[in-house]
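Chain by chain, the residues run as shown.
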Amino acid sequence: MEKIKILFVCSRNKWRSLTAERICQKVGGYSVRSAGTEKGARIRVTEGLLGWADLIFVMEKKHGDRLGSKFPESLTGKNVICLQIPDNYEYMEPELVEILEAKLSRYLEMSDNETTFMQRVLEPEVMDSWEEAVEYDSMDFTEVNAAFAKSAIALGPMSGKILDAGTGTARIPIAISQMRPTWELTCIDLSPNMLKVGAENVSEAGVRSQIKLELIDAKAMPYPDSYFDMVISNSIIHHLPDPLPFLREVKRVLKPNGAIFLRDLLRPTHEEIRDNLVEMYAGDCNSHQKQLFSDSLQAAFTLAEVEMMVETAGLEGLRIYDSSDRHWTAERVWCESL
C-alpha cells in the first residue's frame, strides 16, 4: 500500500515544521517532508513539493496565504490544513510535541508508542583515564577511519594548514598524513591520556614532522581568526553538552574559503534501534566497549538538531546528510578563492 505523503510548511522550516516532521516520520503509512515559505528556509517550498504532497499542513494562516498567492495552480485540488500553532517553541519542546500530536490526531492515525523518541543522555566530555584511552585505541576503527581520511582529502586543498578537533589517539591524522604529505596537521584534544597514546602512534607511524598534537579545548581555541585552510572532526560533537561554542570557533578559525568535514554518530529514534546497532557494529567487542558505543549513540544528535546548530553558528554552504545508518556528515569543499 502506497504511503500518504505529508508536507509541513512554516516560514523558515525550523522548529515547528521539523518537530512535526519528526513526530510523523516513524508512524506507519506516511512519508513526510517539511519546507519553508521564506528565502532563508533550510528547504524552500517548490511546485514539485506541493505536487508531491497528498496533505499539506501549514502552521499559521499566513503560510497558507503565501502558498495560495505564489502557487495557485499547484494547490488546485490539494487539501491545505492550518494547524494554528504560533512560533513560540523550540525544537521538540514537550509542549509543542503535545500540541502537534493532539492537532494531527484529528487528521492522521497517530500511535502513542511511535511518537516517543529516545532522548539525549550526556556522556563524559573527556575520557580522562589512561585505561580508557588505551581501550579506545584498541577498538578497530580502521575501515571507518580510512573512509573518513579519503573523504577529507577529497574536500580539502592540495596543501595547507588543517585542524583536527577532538583527534583522540590520532589514528585519522596518521592515515591522512600518509595519503596527503603536504598537509600540516594541528591535532587537538582535551584528554592528556588520549594525546599521550596518540603521540606514541604518531611516532610509530613516522609522521611527527606533519602532525602537531596539542592539549586544547576546541570550544575556546587560541588560534588566530581565519588561520586554517580546513577543519575536520570525527565524533567530537556528541561529547559536547552544547556544541554551539565549538561550531562558532570553527567558523572563526577557518578561512572564508576553507573546507569543512565533520562526522559523528546519529542518535537512534528508539532504544531497540540503538541496541541493534551495538550488536551489529560492536558485537565482537567486550562488554565495556559495547557500553561505550551504546552511550555514544544515546549522547548523539539527530540530523535536524545538527542542521539547526550549524545554522545558528553561522556556518554556511555545508551539505549535511545521513552518511550511514549510524553517522551524519557535514561537509564543505575548499575553494581556490571567494
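This one's a predicted model, so the numbers in the text were calculated from it and none came from an experiment.

Another aspect to go through is the packing of helix 1 (residues 15–25) against helix 4 (residues 94–104). The interhelical angle for the contact between helix 1 and helix 4, taken along N-to-C directions, is 65°, at an axis separation of 10 Å. Of the two elements, helix 1 crosses helix 4, and the hand of that crossing is right-handed. In this structure, helix 1 uses W15, R16, T19, A20, I23 and C24 to contact helix 4, whose residues at the interface are L96, V97, L100, E101 and L104. Tallied by class, the residues present in the contact of helix 1 with helix 4 amount to 8 nonpolar, 1 polar and 2 charged.

Each aromatic ring pair is summarised here by two numbers: the centre-to-centre distance and the angle between the ring planes. As enumerated under the stated definition, the model contains 6 aromatic pairs in all. On the numbers, 5.2 Å between centres and 85° between planes, the contact of Y223 with F228 is edge-to-face. Of the two residues, Y223 and F228, neither departs from the other in class, the shared state being buried. A network of ring pairs unites the aromatic residues F8, F57 and Y107 as a single cluster. The ring of W52 has R33 lying over it, and the distance from NZ or CZ to the ring centre is 4.3 Å. Positioned above the aromatic ring of Y281 is the side chain of R326, whose terminal nitrogen or guanidinium carbon lies 3.6 Å from the ring centre.

We now examine the sheet that holds strand 8 (residues 228–234). One open sheet accounts for 7 strands, arranged 7-6-5-8-9-11-10; its pairing is mixed. Each having just a single partner strand, strand 7 (211–215) and strand 10 (319–322) make up the two edges of the open sheet. If you compare each strand with its neighbour and ignore which way they point, the axes differ by 15° on average. Lying on the sheet, helix 8 (residues 192–205) is in contact with strand 6 (183–189) and strand 7; it crosses strand 7 at an angle near 165°.

A general trend in soluble globular proteins is that nonpolar side chains are found buried together. In this structure, L163, I188, Y223, I237, F246 and L247 are the most contacted members of the largest nonpolar core, which totals 31 residues. Only strand 5 (160–165), strand 8, helix 9 (244–253), strand 9 (254–265), helix 12 (303–313) and strand 11 (327–332) provide two or more residues apiece to this core. Here the element with the most residues in this core is helix 9; it accounts for 5 residues. Apart from residues no more than four positions distant in its own chain, I237 is found in contact with R120, P243, F246, L247, D264, F301, M309 and W328. Counting 27 residues, the second largest nonpolar core, distinct from the first, contains M92, V97, L108 and A304.

Calculation rules
- Per-chain numbering applies: the sequence of each chain, read as written, is numbered from 1 onward.
- Two thresholds apply to this predicted model, a pLDDT of at least 70 for residue-level local features and 80 or more for giving and counting side-chain atom pairs, whereas whole-chain, interface and lining totals are computed over all residues.
- To get the side-chain values, take all heavy atoms of the structure and skip hydrogens and water.
- An axis is simply a line fitted to the C-alpha atoms; with a helix, the fit covers only the stretch in contact. Between two such axes, the angle follows the N-to-C directions and lies from 0 to 180 degrees.
- The helix and strand labels rest on DSSP assignments: H or I over at least four residues marks a helix, E over at least two residues marks a strand, and numbering proceeds from the N terminus.
- With the far helix as reference, a near helix turned anticlockwise by less than a right angle produces a left-handed crossing, and one turned clockwise produces a right-handed crossing.
- Here, two residues are considered to be in contact whenever any of their heavy atoms come within 4.5 Å of each other.
- Residues are grouped as follows: Ala, Val, Leu, Ile, Met, Phe, Trp, Tyr, Cys and Pro are nonpolar; Asp, Glu, Lys and Arg are charged; every other residue, Gly included, is polar.
- Under the pairing criterion, centres of Phe, Tyr and Trp rings, with the six-membered ring standing for Trp, must be within 6.5 Å; the plane angle then separates stacked pairs below 30 degrees from edge-to-face pairs above 60, leaving the rest tilted.
- Relative accessible area decides the class of each residue, using a 1.4 Å probe on protein chains only: under 20% of the type maximum gives buried, over 50% gives exposed, and in between gives partly exposed.
- Note on criteria: charge over ring means Lys NZ or Arg CZ within 6 Å of the ring centre, with the direction from the centre no more than 35 degrees off the ring normal.
- In short, DSSP must find at least two bridges between two strands for them to pair.
- Side-chain atoms within 4.5 Å link the members of a nonpolar core, which is a set of buried Ala, Val, Leu, Ile, Met, Phe, Trp, Tyr and Cys residues.

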